[in-house]
Amino acid sequence: MNPHAKLITLTSLILGTTITISSNHWAMAWAGLEINTLAIIPMISKSHHPRAIEATVKYFLTQAAASAMILFASTTNAWATGQWDITQLTNPTSCLLLTTAIAMKLGLAPFHLWFPETLQGSSLTTALLLSTLMKFPPISILLLTSNSLNPSLMTLMAIMSAALGGWTGLNQTQIRKILAFSSISHLGWMTIIIIYAPKLTLLTFLLYTLLTSSIFLSLNSSNTTKLTTLLTSWTKTPMLNTALMLTLLSLAGLPPFTGFLPKWLIIQELTKQEMTPTALTIALLSLLSLFFYLRLTYFSSITLPPNPTNQMKHWYTNKKTNSTIALTASLSIFLLPLSPLILTLT
């Protein structure tokens, strides 16, 4: 991509995100979401591959439908209440429409089918943006309207996301699709607690962004997109693969890594709200996701490729590991002892 076009695209992404998360008026929030959508489309389609074009069309149609629904929900609410303030969402029909629209924007089940296909057609860098930065504005709108949302509907969508995200990711061989289903599963954890503890949802999203960034940057450094390629990467970059293995275990939510903190706090909060069966259900459903995280871990570090191998041999490079990868990987693994400080800050 042309450097000037890349600069304009990244600036528009930052601008759109900032407008949405800082606005109280529905029109401004909607405008920020539209800027984001239009900015990410050239990044998805820049490879000019048929799969990239297909991913771009799917992304555009889904986001356009969701944006139209947000506009319709906000207009209906303003017609009924005379308020354009995001926090004054009181009309039941508008609440239902907004929940559906944000679920489409985020890729929550049952509106999740576009997300794995879009990530598969994108580059690893664009997939990172779609999994992290592009989800921040819709989540900020959910946080602002959390008092008006339907608890039963949010719980149902969260359980469905955790179940489908884990179940459909079991037989995947493409790493981007596995991480897409991982994102859907984590969105279920964020959604189930948003009504009872919005700050906990924000903490979960920030830690998920940190973990996912570390994984995508590591995969991008070794140019790994398939499990078969991951199988042969240990001999090239053993230290990077070790960090990747530990970050994957952290993303799975295993102690004593950073990813255990949000799941522990969410289960604790659900128990306080007398939702013990719900907490038990979503904890058991996370075992499905744990299987494909362990599968990725097994492929990345515990197995060594046979000699000779049928895979195309990658040239060994002496390039140093990026300091950003080292920082994000370290934070992804070692933040759990600092959990009292994190809880104090939130």
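Nothing here was measured: the structure is a model prediction, and the numbers come from that model.

### Examining the overall build of the protein chain
Then step 1. Summing up its helical and strand segments, the protein chain has 16 helices and zero strands in all.
Then step 2. A compact globule built from 346 residues would reach a C-alpha radius of gyration of about 20 Å, and the protein chain, at 20 Å, matches this within 12%.
Then step 3. Reported as C-alpha extents along the three principal axes, the dimensions of the protein chain are approximately 70 × 50 × 35 Å.
Then step 4. With 346 residues in all, the protein chain has 52% of them scored as buried.
Then step 5. Nonlocal contacts in the protein chain, meaning residues at least 24 apart in sequence, comprise 77% of its contacts between residues at least 6 apart.
Then step 6. When the accessible surface of the protein chain is split by element, carbon and sulfur atoms take 68% of a total near 15,700 Å².

### What about the pattern of salt bridges?
Then step 1. This structure, assessed with the given rule, holds two salt bridges.
Then step 2. Between lysine 58 and glutamate 54 there is a salt bridge, and its shortest N-O distance comes to 2.8 Å. Taken together, the residues span about one helical turn, with lysine 58 and glutamate 54 both in helix α3 (residues 50-81) at a distance of four residues.
Then step 3. Note that glutamate 117 and lysine 177 form a salt bridge whose closest N and O atoms lie 3.3 Å from each other. A residue pair is termed long-range when its members are at least 10 positions apart, and glutamate 117 in helix α5 (residues 114-120) and lysine 177 in helix α9 (residues 175-193) qualify at 60 residues.
Then step 4. Among the residues examined, lysine 177 registers a relative accessible area of 16% and is labelled buried.

### Describing a nonpolar patch on the surface
Then step 1. There is a patch of nonpolar side chains on the surface, built from Leu38, Ile53, Val57, Phe60 and Leu61 and spanning about 470 Å² of accessible area.
Then step 2. Among the elements that line the nonpolar patch, the one with the most residues is α3, at four residues.
Then step 3. As for its position among the elements, leucine 61 is in helix α3.

### Some words on the domain arrangement of the protein chain
Then step 1. Annotation of the protein chain at the domain level lists domain 1 (1-109) and domain 2 (150-345).
Then step 2. Taking both partners together, domain 1 and domain 2 bury about 690 Å²; carbon and sulfur atoms supply 77% of that area.
Then step 3. Taken as a group, Thr99, Leu108 and Ala109 account for 70% of the area that domain 1 buries against domain 2, more than any other trio of residues on that side.
Then step 4. Linking domain 1 to domain 2 there are zero salt bridges.
Then step 5. Along the contact surface separating domain 1 from domain 2 lie one residue pair in polar contact (both at pLDDT 80 or more).
Then step 6. Of the residues that constitute the side of domain 1 that touches domain 2, the class distribution is five nonpolar, two polar and no charged.

### A short note on the packing of α9 against helix α10 (residues 198-222)
Then step 1. Contact geometry for α9 and α10: axes closest at 9 Å, N-to-C directions at 170°. Looking at the two axes, α9 sits roughly antiparallel to α10. Contact residues: Ile175, Leu179, Ser183, His186, Met190 and Ile193 in α9; Pro198, Leu200, Thr201, Thr204, Phe205, Tyr208, Ile215, Phe216 and Leu219 in α10.
Then step 2. When the residues that make up the contact of α9 with α10 are grouped by side-chain class, the tally is 11 nonpolar, four polar and no charged.

### As for the side chain of serine 140
Then step 1. As for its placement among the helices and strands, serine 140 is situated in helix α7 (residues 136-144).
Then step 2. With a relative accessible area of 9%, serine 140 lands in the buried category.
Then step 3. Only 2.5 Å separates the side chain of serine 140 from the backbone oxygen of proline 137, close enough to count as a polar contact.
Then step 4. Look past the residues within four positions of serine 140 in its chain and what remains in contact with it is Thr20 and Ile21.

### Quick notes on the UniProt feature "domain: NADH:quinone oxidoreductase/Mrp antiporter transmembrane" (unreviewed entry) in the protein chain
Then step 1. Mapped onto this numbering, the UniProt entry gives "domain: NADH:quinone oxidoreductase/Mrp antiporter transmembrane" (unreviewed entry) at residues 23-287.
Then step 2. Taken as a whole, residues 23-287 contains 74% helix and 0% strand, while its terminal C-alpha atoms sit 38 Å from one another.

### Some thoughts on unusual backbone geometry
Then step 1. Note the cis peptide between alanine 109 and proline 110, where omega equals 5°.
Then step 2. In this fold, proline 110 is placed in the loop between α4 (92-106) and α5.
Then step 3. Of the consecutive residues proline 255 and proline 256, the connecting peptide bond is found in the cis state with omega at 10°.
Then step 4. Within the secondary structure layout, proline 256 lies in the loop between α12 (238-251) and α13 (260-272).
Then step 5. Its identity as a non-glycine residue notwithstanding, histidine 48 has a phi of 60°, on the positive side.
Then step 6. Of note, histidine 48 is situated in the loop between α2 (26-44) and α3.

Criteria and cut-off values
Residues numbered from 1 in each chain as written. Predicted model: local features only at pLDDT ≥ 70, side-chain atom pairs only at ≥ 80, totals over all residues. Heavy atoms only, no water. Helix = DSSP H or I, 4+ residues; strand = E, 2+ residues; numbered from the N terminus. Rg over C-alpha atoms; globule rule 2.2 N^0.38 Å. Buried < 20%, exposed > 50% of the residue type's maximum accessible area, 1.4 Å probe, protein only. Contact = heavy atoms within 4.5 Å. Areas by Shrake-Rupley, 256 points an atom, 1.4 Å probe, with all protein chains shown as cover. Salt bridge = Lys/Arg side-chain N within 4 Å of Asp/Glu carboxyl O. Patch = residues over 30% accessible without salt bridge, like charges linked within 9 Å, V, L, I, M, F, W, Y side chains within 5 Å. Domains from an automatic or database assignment. Buried area = accessible area lost by both parts, 1.4 Å probe. Polar contact = N/O pair within 3.5 Å; in protein donor to acceptor, adjacent residues only side chain to side chain. Nonpolar A, V, L, I, M, F, W, Y, C, P; charged D, E, K, R; others polar. Axes fitted to C-alpha atoms, helices over the stretch in contact; angles between N-to-C directions. Parallel < 35°, antiparallel > 145°, perpendicular 65-115°, else oblique. UniProt positions renumbered as here; feature names shortened; annotations may be inferred.

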